[in-house]
Amino acid sequence: MDKAEALKKLEAEMRQDQSLPLSTNLVFGEGSLNPAALFIGEAPGQKEDELVRPFVGRGGQLLRECIRGIGWKEEDVYITNIVKRRPPENRDPLPDEIAAYRPYLARQIEALAPAIIVTLGRFSMNYFLPDAKITRDQGKIFISGRRCVVPMLHPAAALRSPEMMRQFRETFARLPVIVERCEEVLKDLSDPKQKPKPQKLF
Ligand code: URA
């Protein structure tokens, strides 16, 4: 089965899964099937639910502007969320909700097989790196399994504070260099018997 088929099948399964919490539109994700990076946020907001697309509200516009700002195209990356339906009143996703959607995100990541995952905000960061702290670790590179995980601030947090915005933009500007570094590191991990532990690189 190719990637497009695997993702289509996964989305169809999610639609049928009555056990999944939240009842708004399913916002599965969009972008390249060979993404330069996989961006993962928390959960869709009102605009995302309306348009059935991830990151299309104010935070999403900032994210997409920053992607273009480093010379990438939105179509070169893949954008999704850990929880794929909108929590009421845009509240934070609950642990049970994250747990329920978890196996589907794991399969989505398997299908896309990205070398680099950029997490947006603490919920998606903690999905991969339970002990990481967003203010301390944003912009660093971690190894998780055979992928690099780069935690970044959530764009909505950047919109709330000039200092967060500065950090968000600064990390984004470094993303092309971070990606190059990740590619070098992943090449060194090509021994299939090696089981790398999450570690900070820089
Ligand atoms: N915030 C998120 O975490 N994801 C979206 O898709 C939109 C806003």
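Everything numeric here is computed off the predicted structure, so don't read it as measured data.

**Things to note about the site of the ligand**
Then, in step 1: Near the ligand, the surroundings consist of Gly41, Glu42, Ala43, Pro44, Glu48, Pro54, Phe55, Asn81 and His154.
Then, in step 2: Within the backbone of glutamate 42, a nitrogen or oxygen atom sits 2.8 Å from an oxygen atom of the ligand.
Then, in step 3: At 2.8 Å from an oxygen atom of the ligand is found a side-chain nitrogen or oxygen belonging to histidine 154.
Then, in step 4: Contact with the protein chains covers 88% of the free accessible surface of the ligand, which is 230 Å².
Then, in step 5: With respect to the detected pockets, the ligand is housed in the largest pocket.

**Digging into the packing of aromatic side chains**
Then, in step 1: This model, assessed by the stated rule, comprises 3 aromatic pairs.
Then, in step 2: On the numbers, 4.8 Å between centres and 70° between planes, the contact of tyrosine 127 with phenylalanine 128 is edge-to-face. Across this residue pair, the class does not change: tyrosine 127 and phenylalanine 128 are buried.
Then, in step 3: On the basis of an interplanar angle of 55° and a centroid distance of 5.6 Å, the ring pair of phenylalanine 168 and phenylalanine 172 is categorised as tilted. Of this pair, phenylalanine 168 and phenylalanine 172 both sit in helix α8 (residues 162-188), 4 residues apart, roughly one helical turn. We note that phenylalanine 168, like phenylalanine 172, is buried.
Then, in step 4: Three or more aromatic residues joined by ring pairs make a cluster, and in this case those are Phe39, Phe168 and Phe172.
Then, in step 5: Above the ring of tyrosine 127, the side-chain terminus of arginine 102 is found at 4.1 Å from the ring centroid.

**Thoughts on the packing of helix α1 (residues 3-16) against helix α4 (residues 95-112)**
Then, in step 1: Contact geometry for α1 and α4: axes closest at 9 Å, N-to-C directions at 170°. Put simply, α1 runs roughly antiparallel to α4. Taken together, the residues of α4 that come into contact with α1 (itself represented by Lys3, Ala6, Leu7, Lys9, Leu10, Glu13 and Met14) are Tyr101, Tyr104, Arg107, Gln108, Ala111 and Leu112.
Then, in step 2: Each residue belonging to the contact of α1 with α4 can be placed in one class, and the counts come to 8 nonpolar, 1 polar and 4 charged.

**Considering the nonpolar core**
Then, in step 1: In terms of nonpolar packing, the biggest core is built from 59 residues, with Phe39, Trp72, Val118, Phe168 and Phe172 touching the most fellow members.
Then, in step 2: It is α8 that provides the largest number of residues to this core, a total of 9 residues.
Then, in step 3: Those residues in contact with valine 118 that sit more than four places away from it in its chain are Ala37, Leu38, Phe39, Ile40, Val150, Met152 and Leu175.

**A closer look at the pattern of salt bridges**
Then, in step 1: Per the stated rule, a full pass over the model turns up 16 salt bridges.
Then, in step 2: One salt bridge in this structure joins arginine 147 and glutamate 110, with 3.3 Å as the shortest N-O distance. On the criterion of sequence distance, the pair formed by arginine 147 in strand β6 (residues 147-152) and glutamate 110 in helix α4 is long-range, its members being 37 residues apart.
Then, in step 3: Since its relative accessible area comes to 17%, arginine 147 is described here as buried.
Then, in step 4: Under the relative-accessibility criterion, glutamate 110 is labelled exposed at 55%.
Then, in step 5: Here arginine 136 ties to aspartate 137 by a salt bridge, and the two come within 3.0 Å at their closest N and O atoms.
Then, in step 6: The buried category is assigned to aspartate 137, whose relative accessible area is 4%.
Then, in step 7: Here the salt bridges share partners, and the residues they tie into one network are Glu30, Arg53, Arg64, Arg68 and Glu74.

Parameters and conventions
Residues numbered from 1 in each chain as written. Predicted model: local features only at pLDDT ≥ 70, side-chain atom pairs only at ≥ 80, totals over all residues. Heavy atoms only, no water. Near = heavy atom within 4 Å. Polar contact = N/O pair within 3.5 Å; in protein donor to acceptor, adjacent residues only side chain to side chain. Areas by Shrake-Rupley, 256 points an atom, 1.4 Å probe, with all protein chains shown as cover. 1 Å grid on protein atoms, 1.4 Å probe; cavity = no way out; pocket = protein on both sides within 12 Å on 5 of 7 lines; lining within 4 Å. Sits in = over half its atoms within 2 Å of the grid points. Phe/Tyr/Trp six-rings, centres within 6.5 Å; stacked < 30°, edge-to-face > 60°. Buried < 20%, exposed > 50% of the residue type's maximum accessible area, 1.4 Å probe, protein only. Helix = DSSP H or I, 4+ residues; strand = E, 2+ residues; numbered from the N terminus. Lys NZ or Arg CZ within 6 Å of the ring centre and 35° of its normal. Axes fitted to C-alpha atoms, helices over the stretch in contact; angles between N-to-C directions. Parallel < 35°, antiparallel > 145°, perpendicular 65-115°, else oblique. Contact = heavy atoms within 4.5 Å. Nonpolar A, V, L, I, M, F, W, Y, C, P; charged D, E, K, R; others polar. Core = buried A, V, L, I, M, F, W, Y, C linked by side-chain atoms within 4.5 Å. Salt bridge = Lys/Arg side-chain N within 4 Å of Asp/Glu carboxyl O.

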